[in-house]
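# A structural walkthrough
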Amino acid sequence: MHRLVALLCLLLPLSLVAQHKLDYQLQVRADLSQKSFNVQGHLTFLTDAACADSVDIVISRGVGAATLRLEGAQAKMDTSVNHAGDIVYRWHFVKTLPAATPLRFTYAYERGSAPTFQFYLDTAYCMAGGYGSAWYPQVIAQAPDGTGDYLRGTGVITVTTPLNIMPVMAACTVVTTTATRNHTYEFRYAQPDIFSLYIGNYSRQEYKGNRAFNTYSLSKAVDGNDISRKAAAVLDYLATQFGPLTIPNFSIIEYPEYVAEQTGIGGASILGGVAMPSGALRQFNYALFGHEIGHQWWGNKVMVKGSKGKSMVSECMAQYGSLQVVSHFDGAHAMEYRKTGYPGYIKDQCGLGYLKNAAAGNDEPMATLSDKNGHILGDSKGFMTLELLSNTIGKPAFNKALQTIGEKYSKDGVTWENFLDEMEKAHGGSLQVFYQQWFNRTGAPSWESSWTQQQRKLQLKVTQKDSLYQLPLEVLITYTNGTTSLQKIAVKDRSQQIQLPVTGTVKTVQLDPYFKVLHWDEELTPLAYSQAKVVKVLNLRMQRKNDEAVKLAESYIREGLPEDNSGVEFSLLYQLGRIAAVQQRPEAAIAYYQRSLQCVSRPADLLAMTYYRIAQLAAGRHDVALVEWACANALKADAANNNSDGIEAKVAPLLETLGKRTSS
């Protein structure tokens, strides 16, 4: 799971959906053997004040020019390219259109196999994620602050494929017809959605809990009943925290590991379902599923109006839900999740991950996170600030506020100011100091402490070293006889003397022992600064700036890394291997990974995955000896690291495929 988990829920007010009444009649003919993905049909919607003079429709760049025609108004059209590389067709109306003017666009084009974010097509599989790629014509709607997002729509999507493969979509009803050579699937969307389509050699397993769960798997190794049962338990638990959820059913959709590697997507949330790479479905991960299922509320049921606080109410709230799931189902790892990362999940989505970024100079206020940091900082600092807010308000009152938001703003969308106001109502008082120090500025607290004991009293001195915070902290007192006591204090001043009662001779005193408050911990701080170089390279890779990432990583290695005790050179070579693999340079990728294994300092949390990635690449070139060697070492490294990466489940299909090839 050591890759970017892309959770792109485009947050758009539902009132706009109702106002526009966007509807699609869309046909897809997919022939994977020819890498053909043909799209045609029409869409209709009603105008409003924001599109009285012009309207934008976005389509991914395809094979040849798209045919796009407008009915219902006279307009001139020009094109541009957006940041994702998709083509924006802007229609300038000859006359200003009154509100509720019906428009109809017809379209036809061959999408082809050119990869973009969340679109991948080869001779065996197709992923067409509507949240990250306009594989179908997407209408842009304007929010009150002038930002634009894709508009959700209803409609009928008809997909025709050869008999040996199955298309899958979520949150809809489906009717199937079979001809001599083809299947035709008719997906009907009554609830507005952004459409995502997955095509492969799928089989379906159904599990019936409080609602129907469908697991669409590509391999027999996936136990759909077990995955669905656990996912259903996660969804039911989150409903007790976030409130009721209205979806027709829930779909769990597998996609191949190599697609995850090429796209950089380690999981995605869609309305009424999640899409996961094969490895994630062979070993259930509570943090991953908790996050993805959390998006059913935060990003789907509750949407954000405007850009301010968008990441906090979507990405960070989903990550907060993930932490609640871990605390409930796997509480033994909750502290580890907050501090250094949950086993098998993205390791930098934790307090240490934020400290690494801050050490690397990458920091922003949580309320105004940019798109590039929505995941990087939102899933490291953001969810911990929400956890602290929930503890400040009290979990019952916090949950009640979340449920109120879910019901009160599910129709019209929520602003960041709405969200904060509801929290203050739940608290029964002002939270402005909390908002200012945790949401509106950068950084994290840092303190040092000392203590002395005077009979039955402990004199504790706490000094804040940088920015001043008001902090609710726990103090763990350990006595010489082995017993402990946990007490609570409030730190408000730059330097503060606090007196605590004790019952015996004190051995040690530890502030915030369970890392409930994000801070510059004395254990984590040197590690964060030592890994700053790696974080800079990783962030460039996550932003798809691969050439810049390679140049920077190689410059660090050339300069030399003296006293490299935390595996910086190893980690840089690992990132270079990841980039080479995505660029489809397997020989170069293997060389980078093998160089990393020669480093003196080898991080335990990357070692097993390094061997595994060598095995993946070796399997692609049918190098039996290298696959067996890499798999054996991946298993050993994972066992030495408490099986944190679930390598046994990951290497099983590689060895199985290898055995089949050998026997044939």
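Scroll up to find the structure.
Worth saying up front: this structure is predicted, and the values here are computed from it rather than measured.

Below, the discussion takes up the packing of aromatic side chains. One pass over the structure, following the stated rule, counts 33 aromatic pairs. On the basis of an interplanar angle of 25 degrees and a centroid distance of 5.6 Å, the ring pair of Trp520 and Tyr529 is categorised as stacked. Residue class for Trp520 comes out buried when judged on its relative accessible area of 15%. Here the aromatic cluster, defined as three or more aromatic residues joined through ring pairs, consists of Tyr24, Phe37, Phe119, Trp135, Tyr136, Tyr189 and Phe195. Arg111 extends its terminal NZ or CZ atom over the ring of Phe119, reaching a point 3.8 Å from the ring centre. Sitting over the face of the ring of Tyr556, Lys533 holds its NZ or CZ atom 5.5 Å from the ring centroid.

Let us look at the sheet that holds strand E23 (residues 457–464). With antiparallel pairing, three strands are arranged side by side in an open sheet as E22-E23-E26. Two strands in the sheet have a free side with no partner beyond their single neighbour: strand E22 (447–454) and strand E26 (495–501). Neighbour-to-neighbour, the strand axes of the sheet open up by a mean angle of 20 degrees, direction not taken into account. As paired strands, E23 and E26 are joined by seven bridges and run antiparallel to one another. Paired with Leu460 across the two strands is Ile498, which belongs to E26.

Time to look at the environment of Gly341. Here Gly341 lies in the loop between helix H7 (334–339) and helix H8 (351–359). For Gly341, a relative accessible area of 0% translates into the label buried. Taking C-alpha positions, Gly341 is 17 Å from Gly267, a pair spaced 74 residues apart along the chain. Beyond its immediate chain neighbours, meaning those up to four positions away, Gly341 contacts Glu336, Lys347 and Cys350.

The rules behind the values
- Along each chain, numbering runs from 1 in the same order as the chain's sequence is written.
- Two thresholds apply to this predicted model, a pLDDT of at least 70 for residue-level local features and 80 or more for giving and counting side-chain atom pairs, whereas whole-chain, interface and lining totals are computed over all residues.
- Processing note: side-chain calculations cover all non-hydrogen atoms of the structure and skip hydrogens and water entirely.
- Only the six-membered ring of Trp is used, alongside the rings of Phe and Tyr, when aromatic pairs are assigned; centres must lie within 6.5 Å, and planes under 30 degrees apart are stacked while those over 60 apart are edge-to-face, with the rest tilted.
- Partly exposed describes any residue whose relative accessible area lies between the buried limit of under 20% and the exposed limit of over 50%, with all areas from a 1.4 Å probe on protein chains only and scaled to the type maximum.
- Criterion for a charge above a ring: Lys NZ or Arg CZ within 6 Å of the ring centre, and within 35 degrees of the ring normal.
- Should DSSP find at least two bridges between two strands, the strands are taken to pair.
- The secondary structure listing takes helices from DSSP runs of H or I that are at least 4 residues long and strands from runs of E that are at least 2 residues long, numbered from the N terminus.
- For helices, the fitted line uses only the C-alpha atoms of the stretch in contact; every axis is such a line through C-alpha atoms, and the angle between N-to-C directions lies from 0 to 180 degrees.
- The contact rule is simple, with two residues in contact once any of their heavy atoms fall within 4.5 Å.

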